[in-house]
Every structure is written in C-alpha cells, then in structure tokens.
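Per-entry structural report
As a plain string of letters, each chain reads:
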Amino acid sequence: MSFSSLGLSDALLKAVSKQGYETPSPIQQKAIPVILEGKDVLASAQTGTGKTAGFTLPILQRLSMGQRLRHRPIRALILTPTRELAAQVYDNVKAYSIFLDIKSTVIFGGVNQNPQVAAIRQGIDVLVATPGRLLDLHNQRELSLSNVEVLVLDEADRMLDMGFLRDIKKIMALLPSKRQNLLFSATFSKDIKALANDILHHPVQVEATPENTTVEAISQKVYRVDKARKTGLLIKLINDGQWEQVLVFTRTKHGANNLTKKLIGNNISALAIHGNKTQAARTKALDSFKKGTIRVLVATDIAARGLDIPLLPHVVNFEIPNISEDYVHRIGRTGRAGASGEAVSLVSADETAFLRDIEKLVGLRIPAAVVEGFEPDPDASTDPVKPQQNRQRQQKQHRQPTDSNNENSKEGNPKRRRNRNRYRRG
Ligand code: ADP
Ligand code: MG
C-alpha cells in the first residue's frame, strides 16, 4: 500500500515524502479514501498512529480541487482541545500544504489575539482552533464560519473530558448545515458515540486495529525505589544510559518544578511544562526539547496526550499516575508510529496499589527490578499517598474548564474512571 494508491494529488505526495513517510498507517489507509469521497467519518485509533495526516491530507486535496473564492473564507475548521495540540496540528497542515495554494493559521487562548486576527483578515482556507478562542473571536465578529465545508473534531474524547461539549454545540450552530464532519478520537466511549450521533450524518466508522501500535512497541519497566531516592535514581539512569531525550512525568506542577531544579543542579539540562507556565514558556520548553537543546522535559499530564514528539526514546514516570488511563497516555509518548521506546516507572511503596491498578488495566505484569544502591526499604508503608486530599483538589479544578490549566481536570471526572476498561486489549 502506498500513498499514491490512495488517490492523493502529486503536490500532496511530494509533501508526504518530504516528511519522510513511506507508507500510510492503517488509520490513514482506511480514512483517506472515504474522506476524499466527502463522507462523514467517525475514526478511532491509538495515539501516535498518524490521525492528523489521516484527516488533513484528504481535506487539503478536496479544498485544492474545489472552487476558490477571492477573499478566502474559512473552508475547513479543525478543533482541538489544547493549545499545544492546535499548534501541532497547524504545523502538520503547513507541512502537508507546502506545495499547494492553501492558506492556514491557528488560534488559541492565552496569547494576544491581535496577530491571530490579522492572519484571519488576510484570508484563510484552513483554521485550526481551540473552542474558547474561536467563540471569542466569533463573538467579536472577527471571523465568519458561514463558508465552512469541512469540520474536524480532533481528540474528541479529550474535548469531552475537558468539558468542551457546550462550546462544541455552540460552534455547530454557527456552521452551515451542509458540510462534511470528521470526528477523530483515541477511544470510543459512550459519550463519543452520543456526540457522533449528534454531529455526523451517516458516518463511515473507521477503526485501526492496534496492530504494531504503541503499547506493543514499548518496553515497560518498573524500578522499585524509596520516594526520597527517586531523584538520585533518575539522575543515575539518565547518566548511565546516556539518555539524551527524556520525557519525565510528575503528578503535580510543584513536583515538576522541584525536579527540574534538581536535575539542572546535577548538570542535566531540563525544563518543566505544565499549566501554570505561560504559553510562551510552554512553547519554548517543547521547542527546546524537540530541538535537543535540553535533555529532559518534565511534564504533568497536560503533556500526556497528543503532544507530538517524534521518536521519543525514553519516558519516565517519576510518580505513577493514580488514574490508570493516564499511564497509557503517558507511555504513548514513546514508540510512536511503530518506533521502539522505553517506558520506565519509579515506584515507591506507597504507589503499590496504583501500580496494581495499572497492571490490571493494561492486562500485563510490568517487569519490576531494583537498581543496585537504590534498594527500597522493605519496611516502607504501602499506604497510598493522600488520595482523598488529591481528589478534592482535582475536582475543584475540574469545575473551571478552560483552554488552559486542565492537566488535572480529567482526574476529577468520574466518567473516566468508569470507562477505564476501554483500553483493555482482547
Ligand atoms: P495521532 O494524532 O494519531 O496521535 P499524529 O498524527 O500526531 O498521531 O502522528 C504521530 C507521528 O507519526 C507524527 O510524528 C507524524 O509525523 C508521524 N506520521 C504520521 N503518518 C506517518 C506515516 N505514514 N509514516 C511515518 N510517520 C508518520
Ligand atoms: Mg492526534
């Protein structure tokens, strides 16, 4: 199977090969032809399986073949839940449209709107947006959605988790009723199906079987270690393994900041990324990490879904998440598009129960080891870490969903806990 057999134009084939893609991924093979036909699509495939190109390539093809109006009204609207995802999808749109006469831009909250407004005024074919900023600019009459031909909801499950349902409905009401609708999601929950029923017309459902995808391609390891010695162990692992690009997850923003300081103090370049950082700081951290100017990116769960860090070799759970699904999302940052990766979890005695939950969810026993010199205290208490207190704090945050600061919100959402089995493999 090749990209050319999918019916894509030469300009798109050239762009795809410039990206180094040789063969379309399973979800791309299935989604591209039906989107080219103009059908509504409900697509699900795991993180890192190339969903973005799966919808962007056929959209670009349809737009470039269609009629162009002089003032370039917005003809394709791609909604994503977070700023980072919006920026990434936009990067992809730019890369795939490089040989086409298609203009695109991205808008999201947390930054000055003026440059965004200026870009839209020049005429834009494809707009990538987060729901909040889109509605904002629409209310200010800075943009019109009355010429939208294609709507994409990317990471639709995450949008629902983040409480964007009302915003999505408001946006739907601003679009022409005759349009193509594409809903992409990593998972197929009941809520997603309900949303799909609302929005899609006779959708074609495409699902990529998780063959050769993330979890299989990732080698998972647990190191049992005392809480107080985790930093020391992480430094040893990074130094001994000569790890050059490591994504480290912590449970809290405070923990992320602390760990970042300690790594820097030990001559390991690091930056933190979480919801309390300004947009500029987050973008800079992610860019430096991608470019390799820093070795370690310390992140809270806001980075766990969707952030596209190609071929990331190492992911470390400095603390394992107390919601098991987040483990799957975190380690989905490695082994992308079939490349191999390593996910290491540092587990202290008080995290034992969380580890059991994760093993139940992923349906396998993660091999555990002890590093010489870092043997855990056999008498350490296995009582879980203040889960009660955490949950209350997280629920409080969940009540104010916005474009930003949402890293803990999903943990406060009881629905997610009920849906946990959707990741289980047969
Ligand atoms: P998803 O949205 O499913 O999580 P992305 O669209 O972010 O996945 O793609 C994950 C990574 O795979 C990106 O780095 C992207 O450039 C790369 N990729 C996408 N399609 C292909 C392909 N056909 N061949 C190789 N790499 C690809
Ligand atoms: Mg995606």
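In this text the structure is predicted, and so the values were computed from the model without any measurement. (Residues numbered from 1 in each chain as written. Chains lettered and ligands numbered in written order. Predicted model: local features only at pLDDT ≥ 70, side-chain atom pairs only at ≥ 80, totals over all residues. Heavy atoms only, no water.)

Some points on helix α13 (residues 279-291)
The terminal C-alpha atoms of α13, which comprises 13 residues, lie 18 Å apart, in line with the 18 Å expected from a rise of 1.5 Å per residue. When we look at burial in α13, the residues that qualify are Gln279, Arg282, Ala285, Leu286, Ser288 and Phe289. At the C-terminal side of α13, Gly292 shows a positive phi close to 90°. (Helix = DSSP H or I, 4+ residues; strand = E, 2+ residues; numbered from the N terminus. Expected span 1.5 Å × (residues − 1). Buried < 20%, exposed > 50% of the residue type's maximum accessible area, 1.4 Å probe, protein only.)

Let's talk about the pattern of salt bridges
What the rule picks out here adds up to 16 salt bridges. With a shortest N-O distance of 2.5 Å, Asp125 and Arg72 are connected by a salt bridge. A residue pair is termed long-range when its members are at least 10 positions apart, and Asp125 in the loop between α5 (114-121) and β4 (126-129) and Arg72 in the loop between α3 (51-65) and β2 (76-79) qualify at 53 residues. Classification of Arg72 as buried rests on a relative accessible area of 13%. A salt bridge links Glu351 to Lys230, with the shortest nitrogen-to-oxygen separation between them at 2.8 Å. (Salt bridge = Lys/Arg side-chain N within 4 Å of Asp/Glu carboxyl O.)

Digging into the site of ligand 1
Around ligand 1 there are 16 residues in total, and Tyr21, Thr23, Gln28, Gly48 and Thr52 lie nearest to it. Thr23 is positioned such that a nitrogen or oxygen atom in its backbone is 2.8 Å from a nitrogen atom of ligand 1. A distance of 3.1 Å separates an oxygen atom of ligand 1 from a polar backbone atom of Thr49. Against a free-state accessible area of 570 Å², the protein chains account for coverage of 86% of ligand 1. Considered class by class, the residues forming the shell around ligand 1 number four nonpolar, nine polar and three charged. (Near = heavy atom within 4 Å. Polar contact = N/O pair within 3.5 Å; in protein donor to acceptor, adjacent residues only side chain to side chain. Areas by Shrake-Rupley, 256 points an atom, 1.4 Å probe, with all protein chains shown as cover. Nonpolar A, V, L, I, M, F, W, Y, C, P; charged D, E, K, R; others polar.)

Regarding the environment of Ser17
With respect to the element layout, Ser17 can be found in helix α1 (residues 10-18). Along the backbone, Ser17 and Tyr96 are 79 residues apart, and their C-alpha atoms lie at a distance of 9.7 Å.

As for the nonpolar core
Counting 41 residues, the largest nonpolar core has Phe55, Leu57 and Leu182 as the members making the most contacts within it. Once residues lying within four places of it in the same chain are set aside, the contact partners of Phe55 are Ile35, Ile78, Val89, Val152, Asp154, Leu182 and Phe184. Residues Ile107, Ala129, Val148 and Ala196 belong to the second largest nonpolar core, which totals 34 residues. (Core = buried A, V, L, I, M, F, W, Y, C linked by side-chain atoms within 4.5 Å. Contact = heavy atoms within 4.5 Å.)

A look at the packing of aromatic side chains
Within this structure, the stated rule accounts for three aromatic pairs. Chaining the aromatic ring pairs together yields one cluster made of Phe3, Tyr21 and Tyr96. In this structure, Lys14 packs its charged tip against the face of Phe99, placed 4.3 Å from the ring centre. The ring centre of Phe318 lies 5.9 Å from the NZ or CZ of Lys230, which sits over that ring. (Phe/Tyr/Trp six-rings, centres within 6.5 Å; stacked < 30°, edge-to-face > 60°. Lys NZ or Arg CZ within 6 Å of the ring centre and 35° of its normal.)

Focus: the sheet that holds strand β13 (residues 341-347)
Ordered by their spatial adjacency, seven strands build an open sheet running β10-β11-β9-β12-β13-β8-β14, and the pairing between neighbours is parallel. With one partner strand each, in any of the chains shown, β10 (270-273) and β14 (368-369) form the two edges of the open sheet. Examined bridge by bridge, strand β9 (residues 246-249) and strand β11 (residues 296-299) share four bridges and lie parallel to one another. Each bridged residue has a counterpart across the sheet, and for Val246 the counterpart in β11 is Val296. (Pairing = 2+ DSSP bridges.)

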